[in-house]
Amino acid sequence: MQKDPECTPPSESTQPHNSAREPEVVPPGDAEGCARPLDTVPKKLCGYLSKFGGKGPIKGWKCRWFFYDEKKCHLYYSRTAQDANPLDSIDLSSAVFDCKVDAEDEGTFEVKTPNRVITLKAATKQVMLYWLQQLQMKRWEFHNSPPALPVTPAAGLSGNGPTLHLKLEQEEAELEEFLCPVKTPIGFVGAAAALQPVPAMPSALQNISLKHLGTEIQNTMHSIRGNKQAQAIGHGPLMEESSQGVEPQGGEQPSTSDTSTPGKEPEEPPKPTPRSSLPSSPIQKPKRQSNTFPFFSDGLSRSRTAQEKVAALEQQVLMLTEELKSQKELVIILHKALEAAQQEKRASSAYLAAAEDKDRLELVRHKVRQIVELSQRVETLEQDRERLVHEAGLLEQQVQELQQHVQLLMDKNQAKQQVICKLSQKLTEDLAQPEQPANGDFLNQQERIEHLKDDMEAYRTQNRFLNSEIHQVTKIWRKVAEKEKALLTKCAYLQARNCQVESKYLAGLRRLQEAAGAEAGGLSELLQQLVQEALQWEAGEASGSVELRPISEYDDYGFLTVPDYEVEDLKLLAKIQALEVCSHQLLALEAVERPLRERWAALTELAPSAELKQLLRAGVPREHRARVWRWLVHRRVRHLHSPGCYQELLARGRACEHPAARQIELDLNRTFPTNKHFTCPTSSFPDKLRRVLLAFSWQNPTIGYCQGLNRLAAIALLVLEDEESAFWCLVAIVETILPAEYYSKTLTASQVDQRVLRDLLSEKLPRLTAHLGQHHIDLSLITFNWFLVVFADSLISDILLRVWDAFLYEGTKVVFRYALAIFKYNEEEILRLQDSLEIYQYLRFFTKTICDSRKLMSIAFNDMNPFPMKQLRQLRAVHQERLEAELRELEVLKAEYLERRASRGRAVPESCVSEDEAEGDG
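No experiment lies behind these values; they were computed from the predicted model shown. (Residues numbered from 1 in each chain as written. Predicted model: local features only at pLDDT ≥ 70, side-chain atom pairs only at ≥ 80, totals over all residues. Heavy atoms only, no water.)

### Re the overall build of the protein chain
Looking only at helices and strands, the protein chain has 29 helices and seven strands in total. Of all 922 residues assigned to the protein chain, the portion counted as buried reaches 43%. Sequence-distant contacts in the protein chain: of pairs separated by 6 or more residues, those separated by 24 or more amount to 72%. Surface summary for the protein chain: the accessible area is close to 50,700 Å², and the carbon and sulfur share equals 54%. (Helix = DSSP H or I, 4+ residues; strand = E, 2+ residues; numbered from the N terminus. Buried < 20%, exposed > 50% of the residue type's maximum accessible area, 1.4 Å probe, protein only. Contact = heavy atoms within 4.5 Å. Areas by Shrake-Rupley, 256 points an atom, 1.4 Å probe, with all protein chains shown as cover.)

Below, the structure written as structure tokens:
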């Protein structure tokens with residue numbers, strides 16, 4: 001599209017079309033057309049084009065009247081402009097356009113949709129370029145228009161009108177950079193083209209569409225009825241006016257040359273007035289309004305001044321009406337939100353004020369129904385997302401096809417340029433020869449040069465248009481991708497809310513069950529049934545192909561999402577925890593997880609840095625974790641690693657059985673009983689774990705095997721999936737990260753770390769330390785296993801692997817940070833407990849209730865600061881010395897006791913021998 005030059009009526013340009021306006025025909029001779037406000041009124045895109053189609057003997061070009069529908073972004077076509085019903089339509093919303101320079105007929109272009117390819121032909125090259133530019137702008141206008149509102153008699157422009165107008169002007173300016181604006185071809189497009197005679201075809205049968213024969217018959221019958229009604233009206237007083245013809249617009253009298261087709265002789269008698277321009281009878285008018293294909297001759301008999309006033313008033317009414325409609329819809333949405341909030345408040349008040357459990361159960365059932373409604377809404381949004389994904393895929397295919405086509409055209413253009421260069425060189429050589437060529441040969445060469453110049457110009461025009469088409473299709477594809485991303489975010493938010501509501505429902509059931517107790521009788525059975533049903537709700541009942549699922553049976557590493565505990569209360573807590581974890585993950589998907597994945601994707605080479613440290617603390621995405629762990633392990637064991645070392649250790653294990661082989665075999669079946677990779681009979685992970693542990697027992701004979709190493713090796717196997725990599729990961733943890741003698745027979749270093757933790761806990765959390773001391777709670781009974789297996793048995797897999805990400809890089813201080821953070825996370829709950837037995841029972845499983853990994857990470861690395869490694873070493877040294885002194889004192893006491901026992905044994909007389917000793921073995 002382009003703007004009109006100032007006051008140049010013969011080269012009328014196009015403006016953005018609007019389906020709400022009637023077409024305006026400006027006579028070519030009207031010199032004041034540019035100065036009038038009417039020129040700003042958008043015109044309809046319509047006109048005659050030739051369409052290639054048909055089968056058998058009638059296959060060929062068929063003349064069709066094309067008209068663009070603004071609301072649906074469809075290009076309708078019929079046999080003539082006066083037909084009541086269109087033959088078919090072309091969906092332009094997902095179409096791409098291509099001009100055919102090398103076609104046999106000038107003006108040929110293609111419209112490619114996902115379902116078919118339509119070949120069209122315009123009268124001239126200028127008309128073809130005009131149609132292509134207009135179709136591009138219509139497609140862009142449709143994709144950037146606001147969502148369609150319910151149609152009303154005054155539906156039109158909304159409050160987004162100025163913004164949309166600016167976007168269209170910007171797009172117009174961008175397209176002008178590729179291809180110069182094409183002026184409106186006078187007489188070939190627009191409403192004026194409807195009054196022109198239908199282009200002649202070789203035969204009438206060839207122009208009939210047998211594919212849409214029913215529509216052709218309907219149009220023919222409608223035309224016959226229209227002729228009969230026109231004849232009936234002709235006997236009335238209106239016949240005199242209709243016989244005078246239609247007064248042309250602008251007040252000018254029609255002349256022979258104005259009403260005839262270009263190229264006709266002036267002496268030829270004038271054509272009769274088209275049927276559609278006659279005054280409509282009251283019977284015809286409603287039918288014409290109900291047709292989906294408009295009559296372009298309606299309204300042409302009106303004066304130009306009246307059309308200007310009507311256009312301006314209608315434009316103002318449409319804008320005001322649409323703005324009022326948008327304001328009303330905003331008020332309705334706010335009312336609905338307020339009503340929902342009040343209803344939830346009333347429901348909560350009714351639940352708290354209910355005197356009987358029956359009323360509370362009814363409220364709970366009401367919440368269940370709300371959950372079902374939310375689930376249905378989530379399913380609807382997921383279907384919309386799938387549809388958008390499908391549409392985006394189609395657009396990507398179209399862009400790829402277009403890129404391939406452009407590449408082919410560029411190759412073809414390059415080949416033609418080479419031919420041109422060769423011909424130019426040959427011509428230069430011929431002209432440089434002393435004898436002049438014959439006059440006829442010289443003229444032929446000149447003619448060929450002219451043809452080559454025309455071809456070059458045509459290909460240059462085609463190249464510019466294809467560049468503009470690629471530019472616009474790319475922008476449309478990006479807009480669709482943004483819409484899909486917004487829908488995914490909304491879907492994740494709704495699913496997170498659904499998980500939260502279900503979690504609250506389960507927590508409410510648990511509280512009701514505790515309050516009811518055994519005295520409720522039948523109510524207790526009902527609560528038991530509701531709890532069982534709630535525990536059986538799984539995501540497997542929903543669509544398995546949906547990317548965002550509320551909860552699945554196993555996570556990415558094979559751990560059971562909801563462990564099957566024997567105690568029913570623990571089952572319910574596990575289900576609540578799984579829902580809360582999923583809710584936190586969905587809410588953090590767009591805000592945290594996606595930017596984190598992008599940062600990891602951009603980090604191609606790994607090197608120690610502050611940025612890498614922060615990324616590891618935030619957690620490594622699953623697709624990058626194996627690569628990052630291999631790099632971290634290699635940094636730790638590069639001085640120990642040697643090629644073929646692991647295979648040599650395995651060969652030694654096959655040749656001779658290690659003393660620890662029996663204990664390893666016993667611990668294999670106890671390794672992660674909630675992980676499908678270690679419980680499935682056909683899984684290869686148990687055999688891999690056996691080989692890794694046996695190889696390590698030969699690698700480090702001072703330790704051999706200690707309970708807990710199986711869990712460390714199992715975590716490494718789940719992430720790295722490679723035996724040798726898991727082996728070196730276990731070596732890195734035991735021999736380089738953790739202190740020496742951590743897994744010795746006396747577990748000296750492990751005991752030291754428990755005392756260090758006690759000192760840090762009293763420093764960072766004094767209230768909790770005093771509370772635990774008041775009830776004589778020994779935390780080492782709980783935390784000793786945390787340090788021994790680096791939380792492998794304590795935290796859920798999502799949080800556990802984030803801890804290991806930082807642990808493999810920073811070392812053991814990460815274990816202390818997270819141990820303190822776990823107590824800080826649950827500090828208030830522990831402080832509320834006033835019985836030592838209750839505290840011990842809570843500490844047994846309270847780590848499994850931690851769901852928010854981001855919150856725990858923030859506590860560990862922000863709230864626990866400062867945390868210098870120097871302080872940790874000093875505390876370890878102090879407690880190491882104290883522990884060793886205590887152990888030496890115990891050894892002395894043990895030796896003294898053995899000596900006293902031995903001396904007493906020698907001094908015992910025979911009469912003091914017990915009866916059992918005297919009787920011997922018998």
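### Structural notes on unusual backbone geometry
Of the consecutive residues Asn-865 and Pro-866, the connecting peptide bond is found in the cis state with omega at 0°. Tracing the backbone through its elements, the reader meets Pro-866 in the loop between helix H27 (853–863) and helix H28 (869–907). At Cys-73, a residue that is not glycine, the phi angle is positive and equals roughly 60°. Checked against the element boundaries, Cys-73 lands in the loop between strand E2 (60–69) and strand E3 (74–78). We note that Glu-721 has phi near 65°; this positive angle belongs to a residue other than glycine. Note on placement: Glu-721 falls in the loop between helix H18 (709–720) and helix H19 (723–737). Overall, Glu-721 belongs to the partly exposed group, its relative accessible area being 48%.

### Points about the packing of aromatic side chains
Counted by the stated rule, this structure contains 19 aromatic pairs. Between Tyr-48 and Trp-65, the ring centres sit 4.9 Å apart and the planes meet at 70°, which makes this aromatic pair edge-to-face. A residue pair is termed long-range when its members are at least 10 positions apart, and Tyr-48 in strand E1 (residues 46–53) and Trp-65 in strand E2 qualify at 17 residues. The exposure class assigned to Tyr-48 is buried, which follows from its relative accessible area of 12%. Here Trp-65 falls in the buried class, since its relative accessible area comes to 0%. Ring geometry for Tyr-818 versus Phe-861: centroids 5.6 Å apart, planes at 85°, classification edge-to-face. Residue Tyr-818 is found in helix H24 (residues 813–825), and its partner Phe-861 is found in helix H27; the two are separated by 43 residues along the sequence. (Phe/Tyr/Trp six-rings, centres within 6.5 Å; stacked < 30°, edge-to-face > 60°.)

### Notes on the pairing of strand E5 (residues 96–99)
Residues Val-96 and Asp-98 point to one face of E5 and Phe-97 and Cys-99 to the other, with burial holding for every one of them. Relative to strand E6 (residues 108–112), E5 is paired through four bridges, and the arrangement is antiparallel. When the bridges of E6 are listed, Val-96 appears paired with Lys-112. (Pairing = 2+ DSSP bridges.)

### Comments concerning the sheet that holds strand E4 (residues 88–91)
Spatially, E4-E3-E2-E1-E7-E6-E5 is the arrangement adopted by the seven strands of the open sheet, whose pairing is antiparallel. Among the strands making up the open sheet, the edge pair consists of E4 and E5. In this sheet, neighbouring strand axes are inclined to one another by 35° on average, regardless of whether the strands run parallel or antiparallel. With eight bridges connecting them, E1 and E2 associate as antiparallel partners. Looking at E2, one finds that Cys-46 is bridged to Phe-67. Taken strand by strand, helix H1 (residues 125–144) contacts E1, E2, E3, E5 and E6, and its axis lies near 165° from that of E5. (Axes fitted to C-alpha atoms, helices over the stretch in contact; angles between N-to-C directions.)

### Regarding a nonpolar patch on the surface
On the surface, Leu-213, Ile-217, Met-221 and Ile-224 cluster together into a nonpolar patch covering about 340 Å² of accessible area. Following the sequence through the fold, Ile-224 ends up in helix H3 (residues 213–234). The class of Ile-224 is partly exposed, set by a relative accessible area of 37%. (Patch = residues over 30% accessible without salt bridge, like charges linked within 9 Å, V, L, I, M, F, W, Y side chains within 5 Å. Salt bridge = Lys/Arg side-chain N within 4 Å of Asp/Glu carboxyl O.)

### Concerning the nonpolar core
Judged by nonpolar contacts, the single largest core of 118 residues is most densely connected at Trp-600, Leu-709, Tyr-743, Phe-791 and Phe-823. Contacts of Trp-600, omitting those with residues within four sequence positions, involve Leu-606, Leu-612, Leu-615, Leu-616, Gly-619, Val-620, Pro-621, His-624, Arg-627 and Val-628. In this structure, Cys-73, Ile-90, Ile-118 and Tyr-130 belong to the second largest nonpolar core, which totals 31 residues. (Core = buried A, V, L, I, M, F, W, Y, C linked by side-chain atoms within 4.5 Å.)

### Concerning the environment of Arg-802
Along the chain, Arg-802 falls in helix H23 (residues 797–810). Taking C-alpha positions, Arg-802 is 7.0 Å from Arg-617, a pair spaced 185 residues apart along the chain. Dropping the residues within four chain positions of it, Arg-802 is found in contact with Glu-593, Leu-616, Ala-618, Gly-619, Arg-625, Ser-853 and Arg-854.

### A short note on the environment of Trp-600
Mapped onto the elements, Trp-600 comes out in helix H11 (residues 568–602). A C-alpha to C-alpha distance of 7.7 Å links Trp-600 and Val-620, two positions 20 residues apart in sequence.

### Description of the packing of helix H22 (residues 780–789) against H24
Two elements in contact, H22 and H24, have axes whose closest approach is 11 Å; the angle formed by their N-to-C orientations is 145°. The hand of the H22/H24 crossing is right-handed. Across the interface between the two elements, Thr-783, Trp-786 and Phe-787 from H22 touch Val-815, Phe-816, Ala-819, Ile-822 and Phe-823 from H24. (Left-handed = near helix turned anticlockwise from the far one by under 90°.)

### What to know about H24
For H24, which comprises 13 residues, the first-to-last C-alpha distance of 18 Å matches the rise-based estimate of 18 Å (1.5 Å per residue) to within 8%. With respect to burial, H24 is a largely interior element, 12 of its 13 residues being buried. Residues of H24 that are buried include every one of Lys-813, Val-814, Val-815, Phe-816, Arg-817, Tyr-818, Ala-819, Leu-820, Ala-821, Ile-822, Phe-823 and Tyr-825, and no others. (Expected span 1.5 Å × (residues − 1).)

### Looking at the side chain of Arg-755
Mapped onto the secondary structure, Arg-755 falls in helix H20 (residues 748–764). Among the polar contacts listed, one links the side chain of Arg-755 to the side chain of Glu-886, at a separation of 2.8 Å. The residues touching Arg-755, leaving out its near neighbours within four places in the chain, are His-879, Arg-882, Leu-883 and Glu-886. (Polar contact = N/O pair within 3.5 Å; in protein donor to acceptor, adjacent residues only side chain to side chain.)

### Details of the packing of H23 against H24
Close contact between H23 and H24 brings their axes to 8 Å; oriented N to C, the two are set at 145°. Between H23, through Val-803, Ala-806, Phe-807 and Glu-810, and H24, the contact on the second element is made entirely by Lys-813, Val-814, Val-815 and Tyr-818.

### A closer look at H20
Given 3.6 residues per turn, any residue in an α-helix points the same way as the ones three and four places further on. With 17 residues, H20 extends 25 Å from end C-alpha to end C-alpha; this agrees with the ideal 24 Å at 1.5 Å per step. When we look at burial in H20, the residues that qualify are Thr-748, Ala-749, Ser-750, Val-752, Asp-753, Gln-754, Arg-755, Val-756, Leu-757, Leu-760, Leu-761 and Lys-764.

### Thoughts on the pattern of salt bridges
The final tally for this structure, using the stated rule, is 23 salt bridges. The shortest N-O distance in the salt bridge between Arg-369 and Glu-362 comes to 3.9 Å. It is possible to trace a salt-bridge network through shared partners that takes in Glu-362, Arg-365 and Arg-369.

### Describing the confidence of the model for the protein chain
The predicted model of the protein chain averages 76 in pLDDT, with 69% of residues at 70 or higher. Under a pLDDT of 50 for its full length, residues 149–159 has, in the predicted model, 21 contacts with residues more than four places off or in other chains. Segment residues 235–301 is flagged for pLDDT under 50; beyond a separation of four residues in sequence, or across chains, it makes 88 contacts in the model. (pLDDT = per-residue confidence, 0-100.)

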